[in-house]
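Given next are the chains, with one letter for each unit.
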Amino acid sequence: MEFKTINPATGETIKTWPTMASEEVWEIARLTGSAYRKWRLLTVAERAPHFEQLAAVLRDNLEDWAVLITTEMGKPITEARAEIEKCAWMTEVYAANAAAWLADEKVEVDGRRHTVIFQPLGVIFSIMPWNYPFWQALRFAVPGLMAGNTSLLKHASNVTGCAFAIEDAFVQAGFPPDVFRTIVPDYATVSALIGSDIVQGVSLTGSTQVGRHIGAEAGRNLKKVVLELGGSDPFIVLEDADIDFTARGAVTGRMLTAGQSCIASKRFIVVEEIAETFAARFTELMTGLKVGDPRDESTQVGSLVNPAAVAELEEQLAQSVGLGARILCGGEKIPGPGCFYPPTVVTDTRPGMRLVDEEVFGPIAPIIIVKDEAEAIVLANASEFGLGGSVWTRDLDRGEKVAREVDSGTLFVNSITKSDPRMPFGGVKNSGLGRELSHYGLKEFVNVKGINVYDHG
Ligand code: NAP
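The rules behind the values
- Residues numbered from 1 in each chain as written.
- Predicted model: local features only at pLDDT ≥ 70, side-chain atom pairs only at ≥ 80, totals over all residues.
- Heavy atoms only, no water.
- Near = heavy atom within 4 Å.
- Polar contact = N/O pair within 3.5 Å; in protein donor to acceptor, adjacent residues only side chain to side chain.
- Areas by Shrake-Rupley, 256 points an atom, 1.4 Å probe, with all protein chains shown as cover.
- Helix = DSSP H or I, 4+ residues; strand = E, 2+ residues; numbered from the N terminus.
- Nonpolar A, V, L, I, M, F, W, Y, C, P; charged D, E, K, R; others polar.
- Domains from an automatic or database assignment.
- Buried < 20%, exposed > 50% of the residue type's maximum accessible area, 1.4 Å probe, protein only.
- Right-handed = clockwise from strand over helix to strand, strands pointing away.
- Salt bridge = Lys/Arg side-chain N within 4 Å of Asp/Glu carboxyl O.
- Contact = heavy atoms within 4.5 Å.
- Axes fitted to C-alpha atoms, helices over the stretch in contact; angles between N-to-C directions.
- Parallel < 35°, antiparallel > 145°, perpendicular 65-115°, else oblique.
- Patch = residues over 30% accessible without salt bridge, like charges linked within 9 Å, V, L, I, M, F, W, Y side chains within 5 Å.
- Pairing = 2+ DSSP bridges.
- Expected span 1.5 Å × (residues − 1).

S.K.: Please clarify how the site of the ligand should be interpreted in this entry.
M.R.: Near the ligand you find 28 residues, and of these Met128, Tyr187, Ser207, Leu229 and Glu359 are the closest. Here an oxygen atom of the ligand and a side-chain polar atom of Ser207 are 2.6 Å apart. Burial of the ligand by the protein chains amounts to 86% of its free accessible area of 910 Å². Taken together, the elements giving at least two residues each to the shell around the ligand come down to helix H5 (133-146), helix H7 (187-195), strand E8 (199-205) and helix H8 (208-220). Counting residues per element, the shell around the ligand draws most heavily on H8, which supplies 3 residues. The class makeup of the residues in the shell around the ligand is 15 nonpolar, 9 polar and 4 charged. If you count residues domain by domain, the shell around the ligand takes at least three from each of domain 1 (2-229 + 431-453) and domain 2 (233-413).

S.K.: I would appreciate a short explanation of the pairing of strand E7 (residues 180-183) in the present structure.
M.R.: Looking along a regular strand, one sees side chains alternate from face to face of the sheet. Burial along E7 is two-sided: the face carrying Phe180 and Thr182 and the face carrying Arg181 and Ile183 are both buried. Of the crossover connections in this fold, the one passing from strand E6 (residues 150-154) over helix H6 (residues 160-172) to the parallel E7 is right-handed.

S.K.: Sorry, what's going on with the pattern of salt bridges here?
M.R.: For side chains of opposite charge, pairing can occur when their charged atoms come near one another. Under the defined criterion, the tally for this structure stands at 29 salt bridges. Here Arg281 makes a salt bridge to Glu284, at a shortest N to O gap of 2.8 Å. Remark: Glu284 and Arg281 occur in helix H10 (residues 272-287); sequence separation between them is 3 residues, near one turn of the helix. What emerges from the salt-bridge pattern is a single network uniting Glu239, Asp240, Glu373, Arg398, Lys401 and Glu405.

S.K.: Looking at this model, I keep getting lost on the side chain of Ser232. Mind explaining?
M.R.: With respect to the helices and strands, the residue Ser232 is situated in the loop between strand E9 (224-228) and strand E10 (233-237). With a relative accessible area of 2%, Ser232 lands in the buried category. Not counting residues within four places of it along the chain, the set of residues in contact with Ser232 comprises Lys266, Arg267, Val356, Glu358, Ser383 and Phe385.

S.K.: Honestly, the packing of helix H4 (residues 77-101) against H5 in this entry has me stumped. Any pointers?
M.R.: The description of two helices packed together rests on the angle between their axes and the distance between the axes. Interhelical geometry of H4 versus H5 gives an angle of 10° and a closest axis separation of 9 Å. On the basis of their axis angle, the class for H4 and H5 is roughly parallel. Note on element contacts: H5 touches H4 through Pro133, Phe134, Trp135, Leu138, Arg139, Val142, Pro143 and Met146, opposite Glu83, Ile84, Lys86, Cys87, Met90, Thr91, Tyr94, Ala95 and Ala98. Looking at side-chain class alone, the contact of H4 with H5 contains 13 nonpolar, 1 polar and 3 charged residues.

S.K.: Help me understand a nonpolar patch on the surface, please; the structure alone is not making it clear to me.
M.R.: On the surface, Val107, Val109 and Tyr454 cluster together into a nonpolar patch covering about 280 Å² of accessible area. For Tyr454, the position within the fold is in the segment after strand E20 (446-453). According to the relative accessible area criterion, Tyr454 is partly exposed, its value standing at 46%.

S.K.: Can you walk me through the sheet that holds strand E17 (residues 412-413) in this structure?
M.R.: For sheets, the rule is that strands pair by backbone hydrogen bonds, running either parallel or antiparallel. If you walk across this open sheet you meet the 7 strands as E12-E13-E14-E11-E10-E16-E17, and the pairing is mixed. Two strands in the sheet have a free side with no partner beyond their single neighbour: strand E12 (326-329) and E17. Where E10 and strand E16 (residues 390-392) come together, 3 bridges link them in parallel fashion. The residue of E16 that forms the bridge with Phe235 is Ser390. Against the sheet, helix H9 (residues 243-255) contacts E10, strand E11 (265-271), strand E14 (364-370) and E16, and its axis sits at roughly 160° relative to E11.

S.K.: Help me understand H6 in this model?
M.R.: Every α-helical turn comprises 3.6 residues, leaving residues that sit three or four positions apart pointing alike. Look at H6: 18 Å from first C-alpha to last across 13 residues, which is about the 18 Å you get at 1.5 Å a residue. Within H6, burial applies to Thr160, Gly161, Cys162, Ala163, Ala165, Ile166, Glu167, Ala169 and Phe170. Taken from the residues just after H6, Gly174 is the one with a positive phi, measuring 80°.

As structure tokens, then:
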């Protein structure tokens, strides 16, 4: 079986790839299993220099790999560079902190010594999405490997070039062979791997629908699983917010990766007192963004990932407009070649409309007008998702109070939702299970083991 990677900004085929025969996948899986038996024996301090080297390799190859990201999935080159740089930084944060984060913990119980230790599990299978092709894959792999596991990566097929570049990064950094391997399996082989004795855990970042499927496969086989899934983050604007500052945040929050981010701001919940002024400034800023060739240094909004993504946005918008939503700017796809859609602001939206109820994976911003803070919180929580979110107010205590009341894995006051290697990342409700990043992510794929020593006699 073969498939093509296609540049979504031009429609041109980049490369035709063969899906690996299942024997090849199994051979690679066995090799990562063998590599695990040696890699696990190193201490965290012995593993750390490999990760420092990995950060250096990422920076050395930054330009080439940024171009690869942009070509395969369409984000602006400036964002692609920032993605690689962030991977290097995250890798350094783990290199510097992992030994402390995985240090033994002493506990007072009733014996002589009680210690909690953190040991690796084995080969962890990661299945990753295309929207941050380096970041998502490394966000799992760096802590996973630092803890002593080895890893197989099945990446989204449209970023197969990135998948092999990431494997190459580990090779260039001098990691032992087969500690990290990329595979290109068909779905049946993915299922078989999850069911096999070789794989001891599964980490999926992707849609909620695929999360249910992979989560069920992992559950059936009693494998530890982490699921990082979709989101529809609320962006709550209270009446005391600075309008210009908040509108600028709204543009960044909605538009990174042309709106195709799990933690993009996706529902703009605005208190009616300032709704009109906010909508006007937000619309003005969105209209001023430069959409176009993602390789152009000045482009702010690149291509969507494929024609189906554009069609999905059109359907979500049409249904919402049919129910009374009003378009303030954008709303018409940009003629091809390429999968371009303009920054779009839509007001008078409410639950029942697809723009509000579903994850909108693209540059459409629905505004939901509410009476007050209390209604804003109710609407923020009226979602199947619970990944991130933000609240905008001059009153920091009020902001933090609202943040505590929103059901999500992370919440920001006066900032867009962003990931940071020192803070945990993940969702509740249909946004997923488990955490990545920080010491919480580092401890997802470990055996938390108690050693209990009693006196003899
Ligand atoms: P997706 O369609 O769910 O795909 C994710 C991965 O699963 C890809 O590698 C895909 O491979 C694979 N896959 C799909 N169906 C499969 C099956 N039946 N068996 C085995 N593997 C299968 O998601 P996506 O379109 O790549 O990414 C967008 C979604 O990811 C959005 O919902 C976004 O919110 C979410 N996301 C979440 C986070 C987070 O941290 N919470 C971060 C980024 C993205 P193929 O490409 O070969 O189909």
